[in-house]
Amino acid sequence: MNVVVMGCGRIGTQIVTALWKEGHSVTVLDSVAESFLSLPKELREKEGSTIVSDGILEEELIEAGINQADVFVAVSNRDNRNALAAQKAKHIFNVPKVVCRVGDPERQEMYNRLGLATVSSTKVTSALILESVLP
Amino acid sequence: MYIVVVGGGMVGFHLTRALFNAGHEVFVIDTDSKRVAELIEHFGNIALKGDGSEPSIQAAAGVARADILIATTSTDEDNLAACQLAKHRFNVPKTVTLINNPEDENLFDILGVDVVLSSTQLLLAAIEEELPAHSPAHVLPVRGNREAVAIEIPMNSGVVGVKLDDIKLPPDTYIVAIVSRDGSLKSLGGDTVIETHDEVVAVTVADQAEALLEVLSTEG
């Protein structure tokens, strides 16, 4: 699969690294070049695997290969930026599968109702914590 | 009408004043406490500090009973999130937003934001309206139904770098002087080359002036 991931924080790094180890073709965008230091060296140094971009300009998304992407994942630490990029991937670039990280559970539900596949790390984390605390 | 404005910057502030003076009930949400204090000082208790795309903040601002929500922050994603929340969570009938990246216009339309104003496009439209189709030319009537025309050669003109002999002028048209950018007069000859920002002075018959402008300023 061709996967474009926006956001190379802790979550982005995990996702990108795992997909890459599975043999998928991955491109990751982040506005801060240093973020890519968390990636495995071999992947980081691979031509075209990382692009310094906040994922807003269409030109940069195209450079990242969004037109050939099977999956677009928006996992930066900003909900609104993720929502904009993910909706752009879905409605403008017609990427078949789009997943968006939204911290705020209330907004996550709203985007889900609008047909955007979203994951709320807040909800997932608190559910896991509750599970381990409650008998 | 009850109008909620997200973003109390320059645009938001003056918009609030205009809407307020027109007799509307206005409420402003902004993340900056200094701006909020300023708004309250000017218009009374009509501003709240907070993230305008946060459900609890929109609820506190009474977005549920708003007739219109207007997003004016400088970040497109925040404007979009505020409009989508207002529309789909609080059922606001009309959402209006400013966008900064003109590329976003199409997406915002698809996503159901009612009015999308692109500041870049608005500026461009205003500038284009001000700019004449050709570079400004000075025209002086001369005896015999002639005109003396002075025109500055635009950067992208097709005659830049071309020798005078190779320029096809309209009939009865003579170049009488070329003043270069630094103000010095170029000596005229068939080999004289026209450069960007040269001011070309020519004498032509009145009905050929337009054609001359065309020759000297059309993009190459």
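Residues numbered from 1 in each chain as written. Chains lettered and ligands numbered in written order. Predicted model: local features only at pLDDT ≥ 70, side-chain atom pairs only at ≥ 80, totals over all residues. Heavy atoms only, no water.

Enquirer: Which residues make up helix α4 (residues 76-88) of chain B, and what values do they have?
Expert: Residue and element names in this part refer to chain B. Here α4 spans 18 Å end to end across 13 residues, near enough to the 18 Å set by a 1.5 Å rise per residue. Counting buried positions along α4 gives 10 out of 13 residues, so the element sits mostly inside the fold. Looking only at α4, the buried set comprises Asp76, Glu77, Asn79, Leu80, Ala81, Ala82, Cys83, Gln84, Leu85 and Ala86. (Helix = DSSP H or I, 4+ residues; strand = E, 2+ residues; numbered from the N terminus. Expected span 1.5 Å × (residues − 1). Buried < 20%, exposed > 50% of the residue type's maximum accessible area, 1.4 Å probe, protein only.)

Enquirer: Residues and numbers for the pattern of salt bridges, please.
Expert: Summed over all chains, the structure comprises 13 salt bridges over all chains. A salt bridge links B:Asp104 to A:Lys88; the nearest nitrogen and oxygen atoms lie 2.9 Å apart. Placement of the pair is B:Asp104 in helix α5 (residues 104-110) and A:Lys88 in helix α4 (residues 79-91), with the two residues belonging to separate chains. Considered together, B:Asp104 and A:Lys88 belong to a single accessibility category, that of buried residues. One network of salt bridges, in which partners are shared, links A:Arg78, A:Arg81 and B:Glu77. (Salt bridge = Lys/Arg side-chain N within 4 Å of Asp/Glu carboxyl O.)

Enquirer: Please provide a residue-by-residue account of the nonpolar core, values included.
Expert: A:Phe72, A:Val95, B:Val4, B:Val63, B:Leu69 and B:Phe108 are the most contacted members of the largest nonpolar core, which totals 62 residues. Among the nonpolar cores identified, the runner-up in size contains 15 residues, and B:Ile167, B:Ala202, B:Leu212 and B:Leu213 belong to it. (Core = buried A, V, L, I, M, F, W, Y, C linked by side-chain atoms within 4.5 Å.)

Enquirer: Go over the interface of chain B and chain A, please, and point to the residues and values.
Expert: At the junction of the two partners, chain B supplies 22 residues and chain A supplies 19 residues. Together, the buried faces of chain B and chain A total about 1,700 Å²; carbon and sulfur atoms form 54% of this surface. In this assembly, chain B and chain A are joined by five salt bridges. Where chain B touches chain A, the interface holds 10 residue pairs in polar contact (both at pLDDT 80 or more). Counting only elements with at least two residues in the side of chain B that touches chain A, the list comes to α4 and α5 of chain B. (Contact = heavy atoms within 4.5 Å. Buried area = accessible area lost by both parts, 1.4 Å probe. Polar contact = N/O pair within 3.5 Å; in protein donor to acceptor, adjacent residues only side chain to side chain.)

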